[in-house]
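# Secondary and tertiary structure notes
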Amino acid sequence: MTGTETAQLLTIRGLTKAYPGVVANSDVSFSVAPGEVHALLGENGAGKSTLVKAIYGLVRPDSGEMRMRGEPYAPTEPRAARAAGVAMVFQHFSLFEALNVAENVALGMEHPPRQRELAAKIRAVSEAYGLPLDPSRLVGDLSAGERQRVEIIRCLLQDPKLLIMDEPTSVLTPQEVEILFATLRQLSAEGTAILYISHKLEEIRSLCDSATILRRGKVVATCTPREVSARDLAEMMVGTALTPPARAPRTDWAGAPALEVTGLSVASPMPFGTSLKGIGFTVARGEVLGIAGVAGNGQDELLLALSGELKSAPGMVRAAGVDLGDKGPNDRRRAGFVVAPEERLGHAAAPGMSLVENALLSGWVRMGLVRRGFIDWAATRHFAEGVVKEYDVRTPGTHVAARALSGGNLQKFVIGRELSQEPAVIVINQPTWGVDASAAASIRQVILDRAAAGAAVVVISQDLDELMEIADRFAALNEGRLSAPRPVQGLTMEQVGLMMGGAHGMHVPEAGAADVLHAEAADAEA
Amino acid sequence: MLKLERRPAPSRLWTAATPVLAVIATMIAGGLLFAALGKAPVEAIRTIFWDPLFGEFASYSRPQLLVKAGPLILIAIGLSLGFKAQVWNIGAEGQYMMGALFGAATGLAFYPTDSVLLFPAMVVMGAFGGFLWAMIPAVLKLRFGTSEILVSLMLVYVAQHIMSAASFGMLRNPEGMGFPGSRNFQHYPAAFNSELIAGTGMHWGGVAALGAVVAAYVLLTRHILGFHIRVAGEAPRAARFAGVSPVLLTSICLGTSGALAGLAGLFEVTGPAGQITTDFASGYGFTAIIVAFLGRLHPVGILLAGLLMALTYIGGELAQLTLNLPSAAVQAFQGMLLFFLLAFDVLANFRIRLVGSKSVKGAGA
């Protein structure tokens, strides 16, 4: 053991974890010092999540060693990790919507204090760190940003030495991100190390002291993010130089708007879902409308209402002047209106069915694959093969089950299936979610190509950079309402954040919070 | 340690092999069961599986094979459509009885006509009776979100009581000297479902069963409705995305399975059973569930499974007669078959791997 190692809070050497068919982590080594904000940067599937799950005791590594303050550290379960001072805020929250904030926090504790004491503690910590939260509110009524605060406060009550944050900003508005960063900087100044997982480069450059970059399970670089450009970081992460999508010059197409949505209001079919309230927008031919918003503000409902799975009143949705408001998915397809949902497996595609069958799923109406109720399998196979070829879907053949494809390849297939139907209107939810950078770039390119060919495109996404890159106009969903669309040209991040709902009345934390927290922790131990 | 690992795609080999494995495992476990009852296991198995086809009294029992397999296949084909779409009709037994009642009542209402239109009318009414009985759980499910499993199952017992009431009351044979039970269709030629080829056991029910097998095969492999049934079972949200209406699909699945069960009941009451009696129900509706799964919800598989199940019925009866096996032992034997089938089914979607402790070396250091 060397002197530098004892100075480190957490040291990882040669950590390897393999799953059947994929090596998630291969010989990964890095270390985190107390108070350091350390970034783990990598694309989806680079092995970041597996790595932190090993640190949090959720995954047992195949080989390698971890040391905490120089001592061997091999947590077999999260409880052991928490006892060693490791806390984690997950990307997907594990909260009970029907319980209130304090009850949710109590559920994660080994020896929860009485509700009243706990509520007081939650209030104290939340004020100290500028994360206002009412302990008696029902979690089901909270926004995504507020739910994240519940998770963070749950961690802070343990007085952690190492806080792991897995893609924390994917559910936040830009204003909320700023406030989260202020909280994290405060924690870091008090000596808490933070392991920050992200693929968002600018965030890492503004927040992190050092970065470990993972690609296909291996550490490919370590750097100080402030000293390199975002472009360099991206190339280290992806491994190749990226070319931004090319845009054809905009053509002005004559005629009525291709898609008109007026006063679209529907109740959410899901419990704790967000109902749509008076949504209105138009999209012209050749135009891309980007719809942003924090997850859970009505994106899923909007997609269902546009696809026809959720029927609305007549007149609310029109494509090329044809009223589709109360029409189902297949009538809309007939009118040239196609949709690609966010969830690839289970919604856009049936996991256990072959690509041929999945091509039939939404393609039969427009591609004429069914005659008098009988399926033309030869034509369907031909269609599926065409999609695979044209959209560069990597697969051994069209006979394989959808679930056997990687996320990026299945996404290319799903989007290719919709785009190759010569649609007049295209709606896509989260086109590049969970897709590697090169697949994402090619998906964005085909969307722009379709728009250039005269289709009206609506892209719903939580990735602001993506929307800024491909959209002509921009609008945001906030609690089921859509802001008025504005041209992307000249739009600042500040304005975007306000359209997404601002920061829900939060304020930046003040000094002296550490004393409160440590006093609380001391109370809890006593 | 054994570990189950999900296959990327269901294994075709195992999908085909599991029914065979299940039958073999049932023979072994059944043999043990019979041995525990103090019977010679090999002889018992041979009595059930061999003697009905090639034994001493085979000329009597062989035609019974088609008589028993017909209703099983007919009902199981209907059930399999629903099961594929995750619509669980457990009450085919009730629909079977209601089909028999509707059809028989139609025939008896026109007694003693000799119109050639009578039998077709009874067939239609039989199917309608089963359809109607199956639409009760369908409507309740779609309107109030009730479980079709419970409602259809409980309606079996309601149907049982209506059956009893009919054989004591409305449909009782006026010349039956007060005994419960309707007129016997054997003495009513216009309404009798006679054997089509003497000595084979083939009656109109068997023809209908074969027709259902072919129709279901074409529906599932060639028709968009069959495709939608499969998608709905595989991924309900993808089915809605494909424009499938859950209301329509649930109604079609329950209605079709009810109508086919009703048909089976009609052919049974007008043929082998001969009359409406209090003990008309014979468990075909429940056994057909086993047949549907044993046949992998595939029409051809169901055809084979129906024949096999009919064999265990006849063989079981034979074993009761010649070996004094209790009838419960034969039912347990049939239950085992379903149990083993579902257990082996895991192998189609998962593979078993041996996981040694060596793979975690170093992690605990």
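Bear in mind that the values here come from a model prediction, so they are computed numbers and not experimental data.

Tallying secondary structure elements over chain B gives 14 helices and two strands in all. The C-alpha radius of gyration of chain B comes to 22 Å, within 12% of the 21 Å expected for a compact globule of 365 residues. Overall, chain B is about 90 × 55 × 35 Å in size when its C-alpha atoms are taken along their principal axes. Looking at chain B as a whole, 51% of its 365 residues qualify as buried. Considering only contacts in chain B between residues 6 or more positions apart, those separated by 24 or more positions represent 77%. Carbon and sulfur atoms form 69% of the exposed surface of chain B, whose accessible area is close to 16600 Å². Within chain B, one finds 22 positive and 14 negative side-chain charges whose respective centroids are separated by 19 Å.

Taken as a whole and assessed by the stated rule, the structure comprises 18 aromatic pairs over all chains. Aromatic pair Phe 339 of chain B and Phe 340 of chain B: ring centres 5.4 Å apart, planes at 75°, arrangement edge-to-face. The side chain of Arg 333 of chain A reaches across the aromatic face of Phe 241 of chain B, ending 4.7 Å from its centre. Positioned above the aromatic ring of Phe 144 of chain B, the side-chain terminus of Arg 143 of chain B is 5.9 Å from the ring centre.

This brings us to the sheet that holds strand 3 (residues 37-41) of chain A. All names here are of chain A. Here we have six strands laid out as an open sheet, ordered 6-7-8-3-9-10, and mixed in their pairing. Two strands in the sheet have a free side with no partner beyond their single neighbour: strand 6 (86-89) and strand 10 (218-223). Averaged over neighbouring strand pairs, the angle between their axes works out to 20° when direction is ignored. Of the strand pairs in this sheet, strand 3 and strand 8 (residues 193-198) are connected by five bridges, and their pairing is parallel.

All right, on to the state of the cysteines then. A covalent bond between the sulfur atoms of two cysteines is referred to as a disulfide. Residue and element names in this part refer to chain A. Evaluation of the coordinates by the stated rule reveals zero disulfides over all chains. Here Cys 208 stays free of any disulfide, with the sulfur of Cys 223 as its closest cysteine sulfur at 10.0 Å. By relative accessible area, Cys 208 is classed as buried at 0%.

This part takes up the side chain of Arg 67 of chain A. Note on placement: Arg 67 of chain A falls in strand 4 (residues 63-68). There is a polar contact of 2.6 Å between the side chain of Arg 67 of chain A and the backbone oxygen of Gly 70 of chain A.

Grouped together as the largest cluster of nonpolar side chains are 159 residues, with contacts concentrated most on Leu 184, Phe 281, Phe 337 and Phe 474 of chain A. For this core, the leading source of residues is helix 12 (residues 355-367) of chain A, giving seven residues. Apart from residues no more than four positions distant in its own chain, Leu 184 of chain A is found in contact with Leu 163, Met 165, Ile 194, Tyr 196 and Leu 207 of chain A. Grouped together as the second largest cluster of nonpolar side chains are 84 residues, Ala 159, Tyr 188, Leu 266 and Leu 294 of chain B included.

Reports often express the size of an interface as the amount of accessible area lost when the parts come together. All names here are of chain A. Along its sequence, chain A is organised into domain 1 (3-238), domain 2 (256-336 + 456-526) and domain 3 (339-422). Between domain 2 and domain 3, the contact holds 11 residues from the first and nine residues from the second. Of the roughly 800 Å² buried between domain 2 and domain 3, counting both surfaces, carbon and sulfur atoms make up 58%. Counting the surface domain 2 buries against domain 3, the share from its top three residues, Leu 303, Arg 333 and Arg 334, is 55%. The tally of links from domain 2 across to domain 3 stands at zero salt bridges.

The interface of chain A with chain B comprises 38 residues on the first partner and 31 residues on the second. When the two sides are added together, the surface that chain A and chain B hide from each other amounts to roughly 2800 Å², 59% of it contributed by carbon and sulfur. By the criterion of area lost to chain B, the three top residues of chain A are Met 353, Leu 361 and Arg 403 of chain A, representing 19% of everything that side buries. Across the contact surface, chain A and chain B share two salt bridges. Of the charged contacts in the structure, one is a salt bridge between Glu 357 of chain A and Arg 230 of chain B, with a shortest N-O distance of 2.7 Å. For the pair chain A and chain B, the number of links is 11 residue pairs in polar contact (both at pLDDT 80 or more). Mapped onto the side of chain A that touches chain B, the elements with two or more residues apiece are strand 4, helix 11 (329-334), helix 12, strand 18 (374-375) and helix 14 (407-419) of chain A. Among the elements that make up the side of chain A that touches chain B, the one with the highest residue count is helix 12 of chain A (five residues).

Let us now look at unusual backbone geometry. Cis geometry is adopted by the peptide bond preceding Pro 112 of chain B, which originates at Tyr 111 of chain B and carries an omega value of 0°. Tracing the backbone through its elements, the reader meets Pro 112 of chain B in the loop between helix 5 (92-109) and helix 6 (118-144). Its identity as a non-glycine residue notwithstanding, Asp 159 of chain A has a phi of 50°, on the positive side. Its location among the elements puts Asp 159 of chain A in the loop between helix 6 (144-156) and strand 7 (162-166).

A few words now on the sheet that holds strand 12 (residues 276-283) of chain A. All names here are of chain A. Strand order in the open sheet made by the four strands is 12-11-14-15, with antiparallel pairing throughout. The open sheet is flanked by strand 12 and strand 15 (322-323), the only strands paired with a single partner. With five bridges connecting them, strand 11 (residues 259-266) and strand 12 associate as antiparallel partners. Looking across to strand 12, one finds that Leu 264 is bridged to Ile 279. Helix 10 (residues 299-307) rests against strand 11, strand 12 and strand 14 (317-319) of the sheet, and its axis sits at about 60° to strand 12.

Residue and element names in this part refer to chain B. Considered domain by domain, chain B is made up of domain 1 (1-39 + 325-365) and domain 2 (70-321). Look at where the C-alpha atoms of domain 1 and domain 2 centre, and you get two points 31 Å apart. Taken together, the contacts link 14 residues of domain 1 with 12 residues of domain 2. Of the roughly 1200 Å² buried at the junction of domain 1 and domain 2 (both faces included), carbon and sulfur atoms supply 71%. Connecting domain 1 to domain 2 are zero salt bridges.

We now examine the packing of helix 12 (residues 284-294) of chain B against helix 13 (residues 299-323) of chain B. Residue and element names in this part refer to chain B. Between helix 12 and helix 13, whose axes approach to 8 Å, the crossing angle comes to 130°. The angle between the axes of helix 12 and helix 13 places the two elements in the oblique class. Viewed along their axes, helix 12 and helix 13 form a crossing whose handedness is right-handed. From helix 12, Tyr 284, Thr 287, Ile 290, Val 291, Ala 292 and Leu 294 reach across to helix 13, where they touch Ile 302, Ala 305, Gly 306, Leu 308, Met 309 and Tyr 313. Among the residues making up the contact of helix 12 with helix 13, the classes are represented as 10 nonpolar, two polar and no charged.

Moving on: the environment of Leu 142 of chain B. All names here are of chain B. Inspection of the secondary structure assignment puts Leu 142 in helix 6. On the accessibility criterion, Leu 142 (35% relative accessible area) is partly exposed. Leu 142 sits 106 residues away from Leu 248 along the chain, and the two C-alpha atoms are 9.6 Å apart. Leave out the neighbours within four places in its chain, and Leu 142 touches Pro 246, Val 247, Thr 250 and Ser 251.

It is worth spelling out the side chain of Asn 429 of chain A at this point. Structurally, Asn 429 of chain A can be placed in strand 19 (residues 425-429). Contact partners of Asn 429 of chain A, with chain neighbours within four places excluded, come to Gln 299, Asp 300, Leu 303, Ala 340, Pro 341, Glu 342 and Ile 460 of chain A.

Calculation rules
Residues numbered from 1 in each chain as written. Chains lettered and ligands numbered in written order. Predicted model: local features only at pLDDT ≥ 70, side-chain atom pairs only at ≥ 80, totals over all residues. Heavy atoms only, no water. Helix = DSSP H or I, 4+ residues; strand = E, 2+ residues; numbered from the N terminus. Rg over C-alpha atoms; globule rule 2.2 N^0.38 Å. Buried < 20%, exposed > 50% of the residue type's maximum accessible area, 1.4 Å probe, protein only. Contact = heavy atoms within 4.5 Å. Areas by Shrake-Rupley, 256 points an atom, 1.4 Å probe, with all protein chains shown as cover. Lys, Arg positive; Asp, Glu negative; His and termini not counted. Charge placed at Lys NZ, Arg CZ, Asp CG, Glu CD. Phe/Tyr/Trp six-rings, centres within 6.5 Å; stacked < 30°, edge-to-face > 60°. Lys NZ or Arg CZ within 6 Å of the ring centre and 35° of its normal. Pairing = 2+ DSSP bridges. Axes fitted to C-alpha atoms, helices over the stretch in contact; angles between N-to-C directions. Disulfide = S-S within 2.5 Å. Polar contact = N/O pair within 3.5 Å; in protein donor to acceptor, adjacent residues only side chain to side chain. Core = buried A, V, L, I, M, F, W, Y, C linked by side-chain atoms within 4.5 Å. Domains from an automatic or database assignment. Buried area = accessible area lost by both parts, 1.4 Å probe. Salt bridge = Lys/Arg side-chain N within 4 Å of Asp/Glu carboxyl O. Parallel < 35°, antiparallel > 145°, perpendicular 65-115°, else oblique. Left-handed = near helix turned anticlockwise from the far one by under 90°. Nonpolar A, V, L, I, M, F, W, Y, C, P; charged D, E, K, R; others polar.

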